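# Summary of the model geometry
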Amino acid sequence: MGAQELERVDLGEVPYLDAMEAMRGWVEQRRAGAVRDRLALLTHPPVITYGTRTPPGELPRADSPIPLVEVDRGGQATYHGPGQLVGYLILNLRARGPGDIVRWVENGLVDAVGSLGFDAVRRDTPSGAQSLVGVWTPRHHKLASIGMRIRGGVTSHGFALNIASDLDEFTRITACGLPDVEMTSLSEIAAERGAAAPGEAEVRDAVAAAFGAVREG
């Protein structure tokens, strides 16, 4: 993919459905050429989202205290909540040229995490296996999930990076369609080292720098 600067948009905690409504507007604006490529960074209140192909057995029971939302992105079920940085990418792929957008996102997150002092890797998915898209520790604990949609040459949705997430919430579901996946967070990895975890502001800056996203003005 060609290297082009992104507009960085920093938001606070945004209810999931409100964020989806805003994202639809950003996509239409990008298609019309009214805005530049954009990386929006935000958090969500607790919510479980899942793609249309997610088997019911991978979702929590109907009496789950956390809301469930079906979404129009790739990927299976995942959890969003406090302590997790969500990034939504609105990119015009036709302007950027050929390239693997998901691998680009994976590599960007690996670079961001690396700049914070944490080792991370992307993994290739064996033929016929459940997708291993995302960012992992060298021990293959999952640190970030990625689920995107491309329509009319413009991307939407993006990634979720666990900073200090409540990892127990992921056990309510079959996270990412992987029954044996072990989710982790930057704070959990830091604690194993006896070190302090980076704060959300520091992680936001690292992610934005890795993707070449800058604030307007």
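Structure's up top.
Conventions adopted
Residues numbered from 1 in each chain as written. Predicted model: local features only at pLDDT ≥ 70, side-chain atom pairs only at ≥ 80, totals over all residues. Heavy atoms only, no water. Axes fitted to C-alpha atoms, helices over the stretch in contact; angles between N-to-C directions. Helix = DSSP H or I, 4+ residues; strand = E, 2+ residues; numbered from the N terminus. Parallel < 35°, antiparallel > 145°, perpendicular 65-115°, else oblique. Left-handed = near helix turned anticlockwise from the far one by under 90°. Contact = heavy atoms within 4.5 Å. Nonpolar A, V, L, I, M, F, W, Y, C, P; charged D, E, K, R; others polar. Phe/Tyr/Trp six-rings, centres within 6.5 Å; stacked < 30°, edge-to-face > 60°. Lys NZ or Arg CZ within 6 Å of the ring centre and 35° of its normal. Core = buried A, V, L, I, M, F, W, Y, C linked by side-chain atoms within 4.5 Å. Buried < 20%, exposed > 50% of the residue type's maximum accessible area, 1.4 Å probe, protein only. Pairing = 2+ DSSP bridges. Right-handed = clockwise from strand over helix to strand, strands pointing away.

## Regarding the packing of helix 3 (residues 101–115) against helix 5 (residues 200–211)
The N-to-C vectors of helix 3 and helix 5 enclose an angle of 135 degrees; their axes lie 8 Å apart at closest approach. When the axis of helix 3 is compared with that of helix 5, the two are oblique. Crossing geometry of helix 3 relative to helix 5 is assigned as right-handed. Between helix 3 and helix 5, the contacting residues are Trp 104, Val 105, Gly 108, Leu 109, Asp 111, Ala 112 and Ser 115 on the first element and Ala 206, Val 207, Ala 210 and Phe 211 on the second. Split by residue class, the contact of helix 3 with helix 5 holds eight nonpolar, two polar and one charged.

## A few points about the packing of aromatic side chains
Tallied over the entire structure, the rule returns three aromatic pairs. With centroids separated by 5.5 Å and ring planes inclined at 80 degrees, the aromatic side chains of Tyr 79 and Phe 170 adopt a geometry described as edge-to-face. With Tyr 79 in strand 5 (residues 78–80) and Phe 170 in the loop between strand 9 (154–162) and helix 4 (186–193), this residue pair connects regions lying 91 residues apart in the sequence. Chaining the aromatic ring pairs together yields one cluster made of Trp 104, Phe 159 and Phe 211. Lying across the ring of Trp 136, Arg 123 places its NZ or CZ 4.4 Å from the centre.

## Here's the deal with the nonpolar core
Core analysis: the largest hydrophobic core is formed by 33 residues, its most contacted members being Leu 39, Leu 89, Val 105, Leu 109, Phe 159, Val 203 and Val 207. Breaking this core down by element, the ones donating at least two residues are strand 2 (38–43), strand 6 (84–90), helix 3, strand 8 (142–151), strand 9, helix 4 and helix 5. Each residue touching Leu 39, except ones within four places of it in the same chain, is listed here: Leu 6, Glu 7, Arg 8, Val 9, Gly 87, Tyr 88, Leu 89, Phe 159, Val 207, Ala 208, Phe 211 and Ala 213.

## Details of the side chain of Ser 145
Relative to the helices and strands, Ser 145 resides in strand 8. Residues within four places of Ser 145 in sequence aside, it is in contact with Thr 78, Gly 158, Phe 159, Ala 160, Cys 176 and Met 183.

## Concerning the environment of Met 20
Checked against the element boundaries, Met 20 lands in helix 1 (residues 16–31). By relative accessible area, Met 20 is classed as buried at 7%. Taking the C-alpha atoms as reference points, Met 20 and Pro 55, separated by 35 residues in sequence, lie 23 Å from one another. In contact with Met 20, not counting residues within four places along its chain, are Tyr 88 and His 157.

## Some remarks on the pairing of strand 2
Summarising burial for strand 2: six of the six residues are buried, a large majority. In terms of strand pairing, strand 1 (residues 6–13) meets strand 2 through five bridges, oriented parallel. Residue Asp 10 lies in a different strand from strand 2, and its bridge partner there is Leu 41. Once the chain exits strand 1 it traverses helix 1 before rejoining the sheet at strand 2, and the crossover so formed is right-handed.

## Details of the sheet that holds strand 3 (residues 47–51)
Spatial ordering of the open sheet is given by 4-3-5, a layout of three strands whose pairing is mixed. What marks the edges here is a single partner per strand, and that holds for strand 4 (68–71) and strand 5. Neighbour-to-neighbour, the strand axes of this sheet turn through a mean angle of 35 degrees, independent of strand direction. Judged from the four bridges that link them, strand 3 and strand 4 form a sheet pairing that is parallel. Along strand 4, the bridge assignment pairs Tyr 50 with Glu 70. Packing of helix 1 onto the sheet brings it into contact with strand 3, strand 4 and strand 5, and relative to strand 4 it is tilted by some 20 degrees.

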